[in-house]
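Survey of secondary and tertiary structure
Next come the chains, spelled out residue by residue.
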Amino acid sequence: MCWFHFVIVYTGNVFASKFDPTFSMYKLWVARYSTTQKPTAVPAWNNWWAWQYSSTGSVPGIPGNVDLNEFNGTIDELRSSLAGDIE
């Protein structure tokens, strides 16, 4: 059995700017609903880990709206960023 244990801070881009820099040890998942305006850097984080750009997406086979997200990197970088967090 695999267990994931890590902290991700999920917040809006403007609210993220209010976090103390000590939070930078955690991954940042930003909710910013725009397909053209990616999240901007904030004092505690230089880069976001994931970006939720919509809550009204659609996926075949799933009724209703779904969240749409983008990882800030490649699939290999995603795997690598999670590798140390899996037991």
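Description of the structure in this document. (Residues numbered from 1 in each chain as written. Predicted model: local features only at pLDDT ≥ 70, side-chain atom pairs only at ≥ 80, totals over all residues. Heavy atoms only, no water.)

So, on to the side chain of glutamine 52. Summarising the element assignment, glutamine 52 is placed in strand β3 (residues 50-59). Among the residues examined, glutamine 52 registers a relative accessible area of 3% and is labelled buried. Here tyrosine 33 takes part through its side chain, which lies 3.1 Å from a polar atom of the side chain of glutamine 52. Contacts of glutamine 52, omitting those with residues within four sequence positions, involve Tyr10, Trp29, Val30, Ala31, Arg32, Tyr33, Asp67, Leu68 and Asn69. (Helix = DSSP H or I, 4+ residues; strand = E, 2+ residues; numbered from the N terminus. Buried < 20%, exposed > 50% of the residue type's maximum accessible area, 1.4 Å probe, protein only. Polar contact = N/O pair within 3.5 Å; in protein donor to acceptor, adjacent residues only side chain to side chain. Contact = heavy atoms within 4.5 Å.)

The final tally for this structure, using the stated rule, is nine aromatic pairs. Ring centres of tryptophan 49 and phenylalanine 71 lie 5.6 Å apart, and the angle between their planes is 80°; this geometry places the pair in the edge-to-face category. With a gap of 22 residues between them, tryptophan 49 in the loop between β2 (27-31) and β3 and phenylalanine 71 in strand β4 (residues 62-71) connect regions that are remote in the sequence. The two residues tryptophan 49 and phenylalanine 71 agree in class, both being buried. Here the aromatic cluster, defined as three or more aromatic residues joined through ring pairs, consists of Phe15, Phe19, Phe23, Tyr26 and Trp45. (Phe/Tyr/Trp six-rings, centres within 6.5 Å; stacked < 30°, edge-to-face > 60°.)

Under the defined criterion, the tally for this structure stands at two salt bridges. Notably, a salt bridge pairs glutamate 70 with lysine 38, separated by 3.3 Å at the nearest N-O pair. Taken together, the positions of glutamate 70 in strand β4 and lysine 38 in the loop between β2 and β3 put the pair 32 residues apart, joining distant regions of the chain. Given the relative accessible area of 28%, glutamate 70 is considered partly exposed. Aspartate 76 serves as the salt-bridge partner of arginine 79, at 3.4 Å between the closest nitrogen and oxygen. One end of the pair is arginine 79 and the other is aspartate 76, both in helix α2 (residues 75-83) and three residues apart, which spans about a single turn. Grouping residues by exposure puts arginine 79 and aspartate 76 together as exposed. (Salt bridge = Lys/Arg side-chain N within 4 Å of Asp/Glu carboxyl O.)

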